[in-house]
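One letter stands for each residue in the lines below.
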Amino acid sequence: MAQPRVVTIHYTLTNDQGEELDSSRVEGREPLSYLEGAQNIIGGLENALNEKNAGDQVKVSVEPGEGYGEVNEELVQPVPRSAFEGVDTIEPGMQFQAQTPGGPQVVRVVEVGDETVTIDANHPLAGETLHFDVEVVEAREATDEEQEHGHAH
């Protein structure tokens, strides 16, 4: 089996409307490094970058199933307003960390009523086709320590 690599990329992410959602090419941002096979980035993007090397340019569209998944309506739920005890103002778009049986999870407020607050625990990019414009900056063998830790250093 080939030695896992650490791949460093510059990327720009846009949605179907062409709106820029994220970019490492912004002043002050560093390129993104990830350890191949460690699920550090979404599967659809990693698959498209397999065997790419420094200097390679790649444009890839990632469908929801290979990105952040489809929207799961079961993750959109009303909760009692009392669950936000100590929070004076609750507005749509706000994010909170909720304690769930599976551990902490970020939820987004989508609607605020008198008695309930509707939250959405889907990833904000769930259901979206993601369009990446990528430049591979570097690709090198991962160190033993990086492999043990499961991420690039």
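Please read these numbers as outputs of a predicted model, since none were measured by experiment.

Undergrad: Kindly report on the sheet that holds strand 8 (residues 116–120), identifying the contributing residues and their values.
TA: The strands making up a sheet associate through backbone hydrogen bonding, with each pair oriented either parallel or antiparallel. Pairing within the open sheet is antiparallel, and its 4 strands lie in the order 5-8-7-6. The open sheet has two edge strands with one neighbour each: strand 5 (76–80) and strand 6 (95–100). Averaged over all neighbouring strand pairs, the angle between strand axes comes to 45 degrees, with direction disregarded. The pairing of strand 7 (residues 103–112) with strand 8 spans 4 bridges and is antiparallel. When the bridges of strand 8 are listed, Val-112 appears paired with Val-117.

Undergrad: Mind laying out the side chain of Asp-120, listing which residues take part and the relevant values?
TA: For Asp-120, the position within the fold is in strand 8. At 2.8 Å, the side chain of Asp-120 and the backbone nitrogen of Asn-122 are in polar contact. When neighbours within four sequence positions are excluded, Asp-120 is seen to be in contact with Leu-75, Val-76, Val-106, Val-107, Arg-108 and Val-110.

Undergrad: Describe the packing of aromatic side chains, and please don't skip the residues or the numbers.
TA: The tally for this structure, following the rule as stated, stands at 1 aromatic pair. With a centroid separation of 5.0 Å and an interplanar angle of 70 degrees, the aromatic rings of Phe-84 and Phe-96 are classed as edge-to-face. On the criterion of sequence distance, the pair formed by Phe-84 in the loop between strand 5 and strand 6 and Phe-96 in strand 6 is long-range, its members being 12 residues apart.

Undergrad: Lay out the UniProt feature "domain: PPIase FKBP-type" (unreviewed entry) in the chain in plain terms, naming residues and giving numbers.
TA: If you check UniProt for "domain: PPIase FKBP-type" (unreviewed entry), the listed places come out as residues 4–83 in our numbering. Across residues 4–83 one finds 9% helix and 36% strand; the C-alpha atoms that close the span lie 44 Å apart.

Undergrad: Describe the layout of surface pockets, and please don't skip the residues or the numbers.
TA: Approximately 280 Å³ is the volume attributed to the largest pocket. Lining the largest pocket are 15 residues, and of these Val-79, Ala-98, Thr-100, Val-107 and Ile-119 lie nearest its centre. Broken down by secondary-structure element, the contributors of at least two residues to the lining of the largest pocket are strand 5, strand 6 and strand 7. Ranked by the residues each element gives to the lining of the largest pocket, the list is headed by strand 6, at 5 residues. Partitioned by chemical class, the residues of the lining of the largest pocket number 9 nonpolar, 5 polar and 1 charged. The volume enclosed by the second largest pocket comes to roughly 170 Å³. Lining the second largest pocket are Ile-9, Tyr-11, Leu-13, Asp-22, Leu-32, Ile-41, Ile-42, Leu-45, Tyr-68, His-123, Leu-125 and Phe-132. The element that contributes the greatest number of residues to the lining of the second largest pocket is strand 1 (residues 5–14), accounting for 3 residues. Among the residues forming the lining of the second largest pocket, the class breakdown is 10 nonpolar, 1 polar and 1 charged.

Undergrad: Describe the nonpolar core, naming the residues involved and giving the relevant values.
TA: Ranked by internal contacts, the top residues of the largest apolar core, which has 17 residues, are Ile-9, Leu-45, Leu-49, Leu-130, Phe-132 and Val-134. The set of elements that each furnish at least two residues to this core consists of strand 1, helix 1 (43–49), strand 4 (57–62) and strand 9 (130–141). In this view, Leu-49 contacts Arg-5, Ile-9, Tyr-34, Val-58, Val-134 and Val-136; residues no more than four positions away in its chain are not counted. Grouped together as the second largest cluster of nonpolar side chains are 9 residues, Phe-96, Val-107, Val-109 and Val-117 included.

What counts and what doesn't
- Residues numbered from 1 in each chain as written.
- Predicted model: local features only at pLDDT ≥ 70, side-chain atom pairs only at ≥ 80, totals over all residues.
- Heavy atoms only, no water.
- Pairing = 2+ DSSP bridges.
- Helix = DSSP H or I, 4+ residues; strand = E, 2+ residues; numbered from the N terminus.
- Axes fitted to C-alpha atoms, helices over the stretch in contact; angles between N-to-C directions.
- Polar contact = N/O pair within 3.5 Å; in protein donor to acceptor, adjacent residues only side chain to side chain.
- Contact = heavy atoms within 4.5 Å.
- Phe/Tyr/Trp six-rings, centres within 6.5 Å; stacked < 30°, edge-to-face > 60°.
- UniProt positions renumbered as here; feature names shortened; annotations may be inferred.
- 1 Å grid on protein atoms, 1.4 Å probe; cavity = no way out; pocket = protein on both sides within 12 Å on 5 of 7 lines; lining within 4 Å.
- Points joined across faces, edges and corners; volume = space filled by probe spheres on them.
- Nonpolar A, V, L, I, M, F, W, Y, C, P; charged D, E, K, R; others polar.
- Core = buried A, V, L, I, M, F, W, Y, C linked by side-chain atoms within 4.5 Å.
- Buried < 20%, exposed > 50% of the residue type's maximum accessible area, 1.4 Å probe, protein only.

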